[in-house]
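Report on the structure
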Amino acid sequence: MAGDTTGTAASHTYPSPTHAPTSGTTVLAAVLMVIGGAMGIFEGIAALTKDRLFVFTRHYVFEFSLAGWGWVHLILGIVLVLAGCAVFGGALWARFFGVAVAGLGVIANFLWLPYYPLWAMVLIAVNILAVWALCMGMHREAHAGPTG
């Protein structure tokens with residue numbers, strides 16, 4: 001038969017509150033976090049080396065030194081990669097931590113817009129997609145209870 005509706009109750013158990021099975025959306029979120037974190041690390045390294053590809057704006061409200069922004073992006077990128085790796089394990093705390101860190105990534109890259117607009121917009125989109133995927137993965141996995 002194409003569909004087996006007589007499965008056992010053990011095959012349709014509720015996910016554990018601390019460790020749920022990962023869905024495709026959660027895996028997508030973890031991959032986006034690792035990629036976004038790696039891009040943040042490269043962004044931080046480029047800012048720390050004072051690369052010439054950054055635009056220096058005058059009289060910007062959130063004016064930090066380029067090295068200061070480099071450290072912010074480097075540390076945030078490392079934490080984002082670690083959070084993404086933890087999300088692969090399916091731990092509930094890692095998902096909440098991932099939402100928080102990706103949200104901080106959105107804010108940091110929004111403030112980074114005057115220095116490198118295209119790179120910042122790409123990372124804002126990646127972090128927002130990671131937050132969306134984490135939240136949707138939690139929603140879908142929470143409803144994975146018995147169907148019969």
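Note that residues are indexed from 1 along each chain, following the sequence as it is written. Reporting in this predicted model follows two pLDDT cut-offs: at least 70 for local features of residues, and 80 or more for side-chain atom pairs to be given and counted; totals over whole chains, interfaces and linings ignore these cut-offs and use all residues. Heavy atoms from the whole structure form the basis of all side-chain values; hydrogens and water molecules are not counted.

What to know about the overall build of the protein chain
- In terms of helices and strands, the protein chain carries four helices and zero strands.
- Every helix listed is a DSSP run of H or I at least four residues long, and every strand listed is a run of E at least two residues long, numbered separately from the N terminus. Mapped from its N terminus to its C terminus, the protein chain presents α and β elements in the order α-α-α-α.
- Burial status follows relative accessibility: with a 1.4 Å probe on protein chains alone, a residue under 20% of its type maximum counts as buried, one over 50% as exposed, and anything between as partly exposed. When burial is assessed residue by residue, the protein chain has 38% of its 148 residues classed as buried.
- Across the protein chain, every contact between residues at least 6 apart in sequence was considered, and the portion connecting residues at least 24 apart equals 79%.
- Summed over its atoms, the accessible surface of the protein chain is roughly 8600 Å², and 74% of this surface lies on carbon and sulfur atoms. Contacts are assigned to residue pairs with any non-hydrogen atoms lying within 4.5 Å of each other. Using the Shrake-Rupley algorithm and a 1.4 Å probe, accessible areas are obtained, with residue cover drawn only from the displayed protein chains.

Brief notes about the packing of aromatic side chains
- Under the pairing criterion, centres of Phe, Tyr and Trp rings, with the six-membered ring standing for Trp, must be within 6.5 Å; the plane angle then separates stacked pairs below 30 degrees from edge-to-face pairs above 60, leaving the rest tilted. Applying the stated criterion across every chain yields a total of four aromatic pairs.
- Centre to centre, the rings of W69 and W112 are 5.9 Å apart; their planes meet at 65°, and the pair counts as edge-to-face. Of this pair, W69 sits in helix α2 (residues 66-88) while W112 is found in the loop between α3 (92-111) and α4 (117-142), placing the two residues 43 residues apart along the sequence. Take W69 and W112: they sit in the same class, and that class is buried.
- A centroid spacing of 5.0 Å and a plane angle of 25° characterise the contact between W112 and Y115, whose relative ring orientation is stacked.

Regarding helix α1 (residues 24-48)
- Between its first and last C-alpha atoms α1 spans 36 Å; for 25 residues at 1.5 Å apiece the expected length is 36 Å, and the two agree.
- Two residues or fewer after α1 comes K50, characterised by a positive phi angle close to 55°. Expected helix span is taken as 1.5 Å per residue step, with the number of steps being one fewer than the number of residues.

What to know about the packing of α2 against α3
- Where α2 contacts α3, the axes come no closer than 9 Å and their chain directions differ by 155°. In terms of orientation, α2 and α3 fall into the roughly antiparallel class. Crossing hand, α2 versus α3: left-handed. The residues of α3 that touch α2, namely those facing W69, V72, H73, L76, V79, L80, A83, A86 and V87, are W93, A94, R95, F97, G98, V101, A102, L104, G105, A108, N109 and L111.
- Looking at the contact of α2 with α3 residue by residue, the class counts come to 16 nonpolar, four polar and one charged. Axis definition: a line fit to C-alpha positions, over the contact stretch in the case of helices; interaxial angles, taken between N-to-C directions, run 0 to 180 degrees. Here the angle decides the label: under 35 degrees means roughly parallel, over 145 means roughly antiparallel, 65 to 115 means roughly perpendicular, and every other value means oblique. Helix crossings are classified by the rotation of the near helix relative to the far one: an anticlockwise turn of less than a right angle makes the crossing left-handed, while a clockwise turn makes it right-handed. Any residue outside Ala, Val, Leu, Ile, Met, Phe, Trp, Tyr, Cys, Pro, Asp, Glu, Lys and Arg is labelled polar, Gly included; the first ten of those are nonpolar and the last four are charged.

Side note on α3
- The end-to-end C-alpha distance of α3 is 29 Å, a good match for the 28 Å that 20 residues give at a rise of 1.5 Å each.
- The set of residues buried in α3 consists of A94, R95, G98, V101, A102, G105, A108, N109 and L111.

Concerning the nonpolar core
- Joining through side-chain atoms within 4.5 Å is the link that ties buried Ala, Val, Leu, Ile, Met, Phe, Trp, Tyr and Cys residues into a set, and such a set is a nonpolar core. Core analysis: the largest hydrophobic core is formed by 17 residues, its most contacted members being M33, L80, V87 and L134.
- Put simply, the parts of the chain that give this core at least two residues each are α1, α2, α3 and α4.
- A47, L111, W112 and A120 belong to the second largest nonpolar core, which has seven residues in total.

Looking at empty space enclosed by the protein
- In this analysis the probe radius is 1.4 Å and the grid spacing 1 Å, with only protein atoms considered; a cavity is a set of points the probe fits into but cannot get out of, a pocket is an open set with protein on both sides within 12 Å along at least five of seven lines, and lining residues have an atom within 4 Å of a point. Grid points are joined across faces, edges and corners, and a volume is the space filled by probe spheres set on the points. Within the structure shown, the criterion is met by one cavity of 30 Å³ or more.
- In this structure, the largest cavity encloses a volume near 70 Å³.
- Ranked by residues supplied to the lining of the largest cavity, first place goes to α2 with four residues.
- Across the lining of the largest cavity, the residue classes break down as three nonpolar, seven polar and one charged.

Section: the confidence of the model for the protein chain
- Every residue gets a pLDDT, meaning the predictor's confidence in that residue, from 0 to 100. Summing up the model confidence of the protein chain, the mean pLDDT is 79 and the portion of residues at 70 or higher is 69%.
- Mean pLDDT values for the elements of the protein chain range from 84 in α4 up to 92 in α3.

Notes on the environment of L48
- When you line up the elements, L48 lands in helix α1.
- Setting aside chain neighbours within four positions, we find L48 in contact with A67, G70, W71 and L74.

Regarding the side chain of N127
- With respect to the helices and strands, N127 occurs in helix α4.
- Taking the relative accessible area as the measure of exposure, N127 reaches 2% and is therefore buried.
- Setting aside anything within four residues of it in sequence, one finds N127 in contact with L80, A102, G105, V106 and N109.

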